[in-house]
Amino acid sequence: MAVPLYLLILLVGVLCGESKFMVYNTSQSIVPGKLNVHLVPHTHDDVGWLKTVDQYYVGSNNSIQGACVQNVLDSVVPALLADKNRKFIYVEQAFFQRWWRDQSETVQSTVKQLVSSGQLELINGGMCMHDEAVPHYIDMIDQTTLGHRFIKEEFGITPRIGWQIDPFGHSAVQAYLLGAEVGFDSLFFGRIDYQDRAKRKAEKSLEVVWRGSKSLSSSAQIFAGAFPENYEPPKGFYFEVNDDSPVVQDDRNLFDYNVQDRVNDFVAAALSQANITRTNHIMWTMGTDFKYQYAHTWFRQMDKLIHYVNQDGRINALYSTPSIYTDAKYATNGSWPIKTKDFFPYADRVNAYWTGYFTSRPALKGYAARQLEFFNGRSKSGPNTDSLGDALAIAQHHDAVSGTEKQHVADDYAKRLSIGYKEAEDLVAESLACLASKTGCQNAVTKFQQCPLLNISYCPPSEIDLSSGKKLVVVVYNSLGWTREDVLRIPVIDENVTVWDSSGQEIESQIIPISNGSLGIRNYYSAAYLGKAPSLSPAYWLAFSASVPPLGFSTYTISSAKRTAAASKRQTFYKSRGNKNDIVEVGPGNLKLVYSGNEGELTRYINNKRSVNASVQQSYSFYLAHDGSTDLEPQAAGAYIFRPNGSFSIKSERQQVPLTVYRGPILDEVHQTINSWIYQITRVYKGKEHAEVEFTVGPIPIDDGIGKEIVTRISTNIKSNKTFYTDSSGRDFIERIRDYRADWSLQVNQPVAGNYYPINLGIYMKDTNTELSILVDRSVGGSSIVDGQVELMLHRRLLHDDSRGVAEALNETVCVHDECTGLTIQGKYYLRVDPQGEAAKWRRSFGQQIYSPFLLAFAEQDGDKWESSHVPTFSGVDASYSLPENVAMITLQELQDGKVLLRLAHLYEIEEDQDLSVMASVELKKLFPNKTISKISEMSLSANQERAEMLKKRLVWKVEGSNDVEPTVLRGRPIDPSELVVELAPMEIRTFSIDFNYKSSTSER
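Residues numbered from 1 in each chain as written. Predicted model: local features only at pLDDT ≥ 70, side-chain atom pairs only at ≥ 80, totals over all residues. Heavy atoms only, no water.

*Asks:* An account of the pairing of strand β43 (residues 855-862) is requested, with residue identities and associated values reported.
*Replies:* Of all 8 residues that make up β43, 6 are buried, and the element is covered over most of its length. By the bridge criterion, 8 bridges tie strand β14 (residues 470-478) to β43 in an arrangement that is antiparallel. By the bridge assignment, Val476 is partnered in β43 with Leu856. (Buried < 20%, exposed > 50% of the residue type's maximum accessible area, 1.4 Å probe, protein only. Helix = DSSP H or I, 4+ residues; strand = E, 2+ residues; numbered from the N terminus. Pairing = 2+ DSSP bridges.)

*Asks:* Mind laying out the pairing of strand β45 (residues 887-894), listing which residues take part and the relevant values?
*Replies:* By the criterion of burial, β45 is predominantly enclosed, with 8 of the 8 residues buried. Of the pairings in the sheet, the one linking β45 to strand β46 (residues 900-906) comprises 7 bridges and is antiparallel in character. Looking across to β46, one finds that Glu894 is bridged to Val900. What sits between the antiparallel neighbours β45 and β46 is a turn of 5 residues, in which Gly898 has the positive phi angle 90 degrees.

*Asks:* Any details on the pattern of salt bridges? Residues and values, ideally.
*Replies:* Two side chains with opposite charge may pair up if their charged atoms get near one another. All told, the structure shown has 61 salt bridges when counted by the stated rule. Here Arg278 ties to Glu960 by a salt bridge, and the two come within 2.3 Å at their closest N and O atoms. On the basis of relative accessible area, Arg278 is assigned to the partly exposed category, the value being 21%. Salt bridges linked by common partners bring Arg489, Glu669, Arg683, Glu692, Glu694 and Lys828 together as one network. (Salt bridge = Lys/Arg side-chain N within 4 Å of Asp/Glu carboxyl O.)

*Asks:* Tell me about the sheet that holds strand β19 (residues 540-548), and name the residues and values.
*Replies:* Note: strands within a sheet are paired through backbone hydrogen bonds, in either parallel or antiparallel orientation. Spatially, 4 strands are ordered β15-β19-β18-β21 in an open sheet, and the strand pairing comes out mixed. Taken across any chain shown, the strands that pair with only one partner, and hence form the sheet edges, are β15 (484-492) and β21 (566-567). Taken together, the 9 bridges between β15 and β19 define a ladder with antiparallel strand orientation. The residue bridging Arg489 from the neighbouring strand is Ala543, located in β19.

*Asks:* Break down the state of the cysteines for me, with residues and values.
*Replies:* What the rule picks out here adds up to 2 disulfides. A sulfur-sulfur distance of 2.0 Å marks the disulfide that ties Cys451 to Cys459. Torsion about the S-S bond of the Cys451 and Cys459 cystine: about 55 degrees, corresponding to right-handed handedness. Taken individually, Cys451 and Cys459 each receive the classification buried, so the pair is uniform in this respect. Distance from the sulfur of Cys68, which forms no disulfide, to the nearest cysteine sulfur (Cys128) is 20 Å. (Disulfide = S-S within 2.5 Å.)

*Asks:* Describe the side chain of Asp139, listing the residues and the values that go with them.
*Replies:* Here Asp139 is to be found in helix α6 (residues 137-155). Within the structure, Asp139 has its side chain in polar contact with the side chain of Tyr851 (distance 2.9 Å). Discounting residues that sit within four places of it in the chain, Asp139 has contacts with Gln396 and Tyr851. (Polar contact = N/O pair within 3.5 Å; in protein donor to acceptor, adjacent residues only side chain to side chain. Contact = heavy atoms within 4.5 Å.)

Written out as structure tokens, the structure is:
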């Protein structure tokens, strides 16, 4: 049979064709004299955002987002094994540790080899990529430590690189504390203001030496780099499955061969970036959110690009990591521009300032147990703080506490915190029962209870009937290193009560009626959180002053009495058309607040002790949220973005009753109903020189179809000259100047939103005579838009998405029995006026008290049995000792290996206070009187390496315009193991790993 010609040709072609397997040369390293393009394969895996952390890990709920971190890690490992030259970096330990626990010993061994060889590099190393505006620095340290210690224990390595590529602006604390002080050699990030980025591109100053602390200066500097655009590859080089970038088609037997085109594209993109970058090294971030779910698609294309680009020879391409890139930059021996302060606020384009999230989800932003775990001893089988530690770590993620996640994800974070809190609550109860028992832990039977909803006056343990002879025992724990006095307020059902202190002496107390509005919130929100309405309601707040020793507790007993505690005298002031000069003076101590009796408005702040008599007014306003409908490029206000469309004052709707005053021997309270959804209580305490303002805001009305952002404004006569100061992550205070940036000439397009800054600790302003300071109980946004005035944003409720990915309006609701209302938020801020130069001590000491409030535990007692079986007071430090007032103990934690982690922090900056911005000393022998320190090692901030080792490895970068010799920075001396005295210079934090020998039976408790 004849064979058709075309089949014969095909047969010959098959028989004669060469079988080929293309081997790509990916072994190239750095080439001197050429432009080196460092390809850094990476994935950015949000620890919750559009999906919950667990949904992201397992890949569920993909109708929202097709993302599965498990697939990423499963896919990357074999891809790396396929070519020893390939590299990959991974960041989020919350995901990595989940994955690690699921792997066999064989896979774990393989991964350890990849880490050891440098193919897989674990960078940043925290449980999450934390936000930098909203978290407190202590929480940032804790979550970083949790990840770093795991990496050290499992892999024996210490991360070298900070990788904060997605947070929405960058803090000075991140640079010097969570950068230099944890041992990082460099820090890279993606988001800086679009105006700043444009100027830095033109000047080739995207990469700098960042000195975030004026106190620690060059001793805590770090090499820092902002990416030219974001943390993604150059346009046209995305290679996930179904991405639309052209692949490298290098098979000449197929159509669309494009090797030279792709090489030309690569070279053009590289040269473009080289034109805005110093030295002959540039970095390409090859990946973005949740990429490498099928890693081969990326590595196949990068293999080809490296092979063909290097064959072309114009530039050099190589697989790299940020560590290799950093070493290459350092090896050039160049000098770098200097950067100080921070990168806030952040805008990604005109009218788009990411300053709304400073306040978004204020309830989530409002969330001491580990010290008790230390004193009692860590339990291997009983309750511990691990669950709470994990939940808090994840909550620091830049789409968690920031408030920029979907609602169901916010609910998931709250659920995790609640579960962790419950286990920590059990630990607290067990530890206090042990420490308070005279007969030791084995016989400790007291069942302590706590009140996590005390802020809404819900506390079942205190709402008991004492008329039958029962007594309520309140144990008050102080986690600070100095004796602390504060006023406690607990809800009670009867006014006929007496309070006794730890020595059995009756002490002064005061009864204050609980307002109807507070009871309404209590009943509604307790039903929402607990699933059932309370069976009874307390009628009063019982207030009394508690004094508690450092790192210890005091016991107070409340019993029924025939006579009442001091009743608060009520005065109600009505509006009238009479004498405009009527005034109401409030305050039982040195501090007096003066109100207009007719209008009910604050007018003056008087503190005779400090010779202060200042004009102070306080008011509420709201910004209408812009819907973006009038823009060529629509930009609405949303979870991220603050974009106001006009400001409107909120006037009192109560025409007849402007204010009600309750007076007593301990405190005075001023109650004001601003309108149907804002209620305010201002408290002035006898022994305090600040005012406490408790605000209840919500539900914010949206019946008009417009979102609103609620602010309070405090106005004074201070000549602030556009200048005010806000804290950086609760640590350093940074000078802010309205409508001004030190690094570039600001084009003002949003005069309000563009002047907002994150506030974790406080905000203050001053002139030559006076300082106004305001401290907050949670992160908020704030500013000084008018000279002499400070404003805080307290709550937001919006109806539009701001087109930054979350695809959901920030419209929080609370539901009971399927009926939902807008969220009501209750919080506090604290106000004080001082002579200029005298305010820092209050800001620092009271700020520490806000962050570490008293911990209260309640128990019932019958008769007088308590005194015979319990220790009335306890202190973990020597009876004659307390920490210096400029030092705080920020960590005291027993670790799983039995070692104890101790961190001490100097609270003051250089030149902040005349007396306290000095070297401080802590005597460890007196801090731990019942224990002998057998070994002490000073560690890096994240406790994963000895500090001396860290300093030996540190890269010392040159700064433009400075000589080779930097001024000496004041630091505490190395600790002498015989003297055991720790020195701390201003703003210094020192971390120690301690082994103890126990000297007494305290350890048996």
